[in-house]
Structures are given as C-alpha cells and as structure tokens.
Amino acid sequence: MSNGFETLAIHAGQEPDPLTGAVVPPIYATSTYKQDGVGGLRSGYEYSRSANPTRTALEAALAAVEGGARGLAFASGLAAEDTLLRTVCKPQDHVIIPGDAYGGTYRLFSKVHERWGLHYDPVPLHDLDAVATAMTQKTRVVWVETPTNPLLGIADIAALAQLAHDNGALLVVDNTFASPYLQQPLALGADVVVHSTTKYVGGHSDVVGGALVAADAGLGEELAFHQNSIGGVAGPFDAWLTLRGLKTLGVRMDRHCANAERVVDLLLSHPKVTEVLYPGLPDHPGHVVASKQMRRFGGMVSFRVAGGEAEAVAVCDRAKLFTLGESLGGVESLIEHPGRMTHASAAGSPLEVPADLVRLSVGIETADDLLADLTQALG
Ligand SMILES: Cc1ncc(COP(=O)(O)O)c(C=O)c1O
C-alpha cells in the first residue's frame with residue numbers, strides 16, 4: 001500500500017472484515033473469545049483487556065500515522081500517560097516537564113506520581129540551556145508538549161531528543177495539539193508519542209480516549225504489557241468512534257488551520273486584544289522552530305484581553321457560536337477561560353496561567369460566522 005498520510009489514516013489496520021467483507025472494522029462487543037481446545041486461540045484473542053479486534057485496528061492505524069512500531073489505545077489521555085510513566089520510570093527517578101502544560105498532566109505529576117517518589121522539575125522547554133542544566137543522573141524522561149496547552153509555546157523536538165538521548169533519557173512528546181497530520185515527533189527523534197485522542201484524532205467531541213505510540217518495538221512490548229497489567233484500555237465502541245474520526249483527520253485539520261488563521265487576523269486588529277498567541281505568527285518566539293517541524297500551525301488560538309480576568313470571563317460568557325466548554329479539537333468551536341477551567345488545577349503552581357487569557361479551539365464551521373461571533377463577544 002502507498003503510505004500517504006490520508007491513505008494510512010483510512011486503510012492501515014483496516015482491511016475489510018475477513019468473514020463478511022465489511023469495509024469498516026466491526027465493533028467487537030465481546031469480553032471473551034471461544035478457544036478451539038485449551039490454548040487454541042483464534043488470531044491470538046483471549047480476553048478483551050488484553051486485546052480486542054476493534055482496538056487492534058485503531059492501534060495499528062495510530063502506529064501507522066505516527067510512523068511508530070507500536071500503537072496502544074487507552075480509556076483516556078491520562079490513562080495513557082499514567083501507564084507510560086509506570087512503565088519507564090521507577091521511584092526516585094526524575095522527569096523534566098514543560099513549564100507550561102495541560103493542567104491535568106501537571107496534576108498527574110504533582111499530586112499522583114510524586115507521592116510514589118517520582119520527582120519532576122518544570123522547565124521552559126524553549127530554553128535548551130535550562131533543560132541541560134535541569135538534567136540529573138536520575139533524569140529518565142523529558143516530557144514535551146508542543147504546541148503547549150494553553151500558551152501555545154513551541155519546543156524544538158529534534159534538539160530536545162538529542163539532549164535527552166545524550167543524557168540517557170527518553171523523549172516523550174504529547175502530540176495532542178498538533179495531531180499526527182501536522183507534526184511527526186517520532187521522525188524528529190522522539191521515543192514515545194502521547195495523545196489525548198479525545199481531541200483532534202477523535203475530532204467530534206463524542207468520545208474520550210488516549211494513545212501511546214512507541215518508536216521502538218521493544219519499548220512498545222513493555223508498554224503493551226503494562227497496558228494489560230494496569231487495564232486502562234479503550235473499549236471497543238470508543239475505539240471504533242476514534243478510528244472513524246482518524247479517517248478524516250487530514251481534511252479536518254486543514255480547515256481548522258485555515259479558520260484559525262482568519263480568527264488570528266481578526267484578533268490582531270481588535271483594540272480589546274492585548275496579545276495573540278499563535279505559532280503561525282512571525283513574531284511568535286517559536287515561529288521558526290514551528291515552521292520547521294509543523295506542516296501548518298493548528299486550530300488552537302489563545303489571546304489576552306484588556307480589562308483582566310473579569311473581561312476575559314465576560315468574553316467567554318458572551319460567545320454564542322463558540323460554545324463555552326472544556327476540551328478542544330472537535331468540529332465545533334469552543335471557548336474557555338483556562339485560569340478558571342482547564343488549568344484551575346495549576347493555580348498557585350509554577351504552571352499557573354494568566355488570568356486575562358482566553359483559549360479558543362477553532363472549529364470547522366463557516367469562517368465568517370465564527371468571526372461575527374467573536375466580534376460580538378469581544379464587544
Ligand atoms: C495536551 C493534553 N494532553 C493530555 C490530555 C489528557 O487527556 P484526556 O482528557 O483524554 O485524559 C489533555 C486533555 O485536555 C490535553 O489537552
């Protein structure tokens with residue numbers, strides 16, 4: 001098979017069903033499988049925590065679109081992250097995390113894994129000297145988000161991979177914001193890609209899921225062992241919905257990017273907007289790196305408003321077509337106040353976000369309608 005991105009997204013792991021020829025992999029709603037004599041498994045399936053054909057199809061497709069050796073699908077992005085940390089780290093290890101990251105990821109490190117002796121340091125990842133200085137002999141993982149949630153900071157994946165590997169650490173990249181269509185971390189030297197497939201991969205705000213894709217088959221096998229041992233797997237219906245979303249990722253992302261560019265133009269010219277955060281802007285500090293490692297600059301846009309927190313909250317409240325809600329990456333546009341919503345768990349920490357910040361997940365509706373709604377919401 002040829003290996004263009006869209007071709008892989010639509011066909012990898014998705015051969016027509018051998019029994020019926022069904023073009024779409026069926027939802028195998030079964031917990032167990034008949035054995036032909038003890039140990040006589042058909043195609044290796046024995047119990048759906050260990051493996052389920054619908055999940056297998058999704059896992060193969062995810063591995064293909066990220067260019068990895070092994071893909072694994074989980075019940076949520078955080079379930080994937082937790083399994084990864086428990087696989088590659090042990091008590092007293094050290095992890096470098098981004099100085100700006102999804103609040104739930106920060107909470108996993110600060111409130112869950114630290115209690116089990118996993119130490120972490122938040123470091124601004126655009127500053128390679130700061131990352132090199134923060135490395136210790138116990139550093140096992142450099143954890144990257146790029147673009148970051150919600151400040152849309154950019155980290156240089158290839159440079160960080162080199163730095164991590166020179167120090168015997170793994171480079172993990174949360175690729176949720178870019179999606180594999182816009183950015184391929186494994187090709188840039190990352191060891192593992194993490195996804196909240198809840199976002200662009202699923203793409204329709206109708207399913208929660210997560211994924212890991214490992215570059216190396218051996219590490220993939222260890223992750224699969226822990227996935228089965230810990231048990232946070234994607235169910236077959238969720239896997240099916242996520243796979244359906246993945247098929248159209250490329251065309252959706254192109255429209256997300258085009259609409260985001262229109263939104264950025266509007267915000268730049270609006271008197272109430274004091275700063276627009278978007279890696280596609282030539283004066284964004286990560287623009288050169290983003291241009292090197294991303295196909296386009298994505299559908300997420302953050303901005304700061306004059307009038308502080310009260311006005312940022314008021315803008316969110318006035319928006320109509322932009323739905324006020326957490327999450328991102330779906331076909332419908334969303335607006336939120338990170339300080340009080342998605343990143344409330346980072347309040348008072350080094351990852352606290354500015355109070356006057358508004359985050360947009362620009363959907364694929366008619367661009368003119370989105371611009372009209374934002375104009376009225378900004379007042
Ligand atoms: C960048 C990023 N990583 C990970 C997660 C966690 O994923 P989930 O909510 O699917 O557990 C999120 C959720 O918002 C996210 O935005």
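Reading guide: rules and limits
Residues numbered from 1 in each chain as written. Predicted model: local features only at pLDDT ≥ 70, side-chain atom pairs only at ≥ 80, totals over all residues. Heavy atoms only, no water. UniProt positions renumbered as here; feature names shortened; annotations may be inferred. Core = buried A, V, L, I, M, F, W, Y, C linked by side-chain atoms within 4.5 Å. Buried < 20%, exposed > 50% of the residue type's maximum accessible area, 1.4 Å probe, protein only. Helix = DSSP H or I, 4+ residues; strand = E, 2+ residues; numbered from the N terminus. Contact = heavy atoms within 4.5 Å. 1 Å grid on protein atoms, 1.4 Å probe; cavity = no way out; pocket = protein on both sides within 12 Å on 5 of 7 lines; lining within 4 Å. Points joined across faces, edges and corners; volume = space filled by probe spheres on them. Nonpolar A, V, L, I, M, F, W, Y, C, P; charged D, E, K, R; others polar.

The name given to the protein in an unreviewed UniProt entry is Cystathionine gamma-synthase, with the source organism recorded as Nonomuraea salmonea. The annotation that UniProt attaches to the protein under Sequence similarities (unreviewed entry) is "Belongs to the trans-sulfuration enzymes family." Regarding the protein, the UniProt comment filed under Cofactor (unreviewed entry) reads as follows: "pyridoxal 5'-phosphate".

**Q** Break down the nonpolar core for me, with residues and values.
**A** The nonpolar side chains of a soluble globular protein tend to be buried with one another. Core analysis: the biggest nonpolar cluster contains 81 residues, and Leu171, Leu246, Leu267, Val301, Phe303 and Leu360 have the highest contact counts within it. For this core, the element with the most residues is helix H10 (residues 249-268), which contributes 8 residues. Dropping the residues within four chain positions of it, Leu267 is found in contact with Val273, Val276, Val301, Phe303, Leu360 and Leu378. Core analysis: the next-biggest nonpolar cluster, separate from the first, contains 29 residues, Val88, Tyr120, Leu223 and Ala224 among them.

**Q** Run through unusual backbone geometry, naming residues and quoting values.
**A** Here the amide bond leading from Thr146 into Pro147 is cis, since omega sits at -5°, within 30 degrees of zero. Mapping Pro147 onto the fold places it in the loop between strand E4 (139-145) and helix H6 (157-166). The omega torsion of the bond from Asn149 to Pro150 falls at 10°, within 30 degrees of zero and hence cis. Note that Pro150 resides in the loop between E4 and H6. With a phi angle near 75°, Ser179 is a residue other than glycine that sits in the positive phi range.

**Q** Tell me what's going on with empty space enclosed by the protein, and back it up with residues and numbers.
**A** On inspection of all chains with the given rule, the structure shows 1 cavity of 30 Å³ or more. The space that makes up the largest cavity amounts to roughly 40 Å³. Considering the residues around the largest cavity, the lining is formed by Leu58, Ala73, Phe74, Thr197, Val208, Gly209, Gly210, Ala234, Asp238, Ala239 and Thr242. Mapped by element, the contributors of at least two residues to the lining of the largest cavity are strand E1 (70-74) and helix H9 (236-247). Ranked by residue count, the leading element in the lining of the largest cavity is H9, at 3 residues. Split into classes, the residues belonging to the lining of the largest cavity amount to 6 nonpolar, 4 polar and 1 charged.

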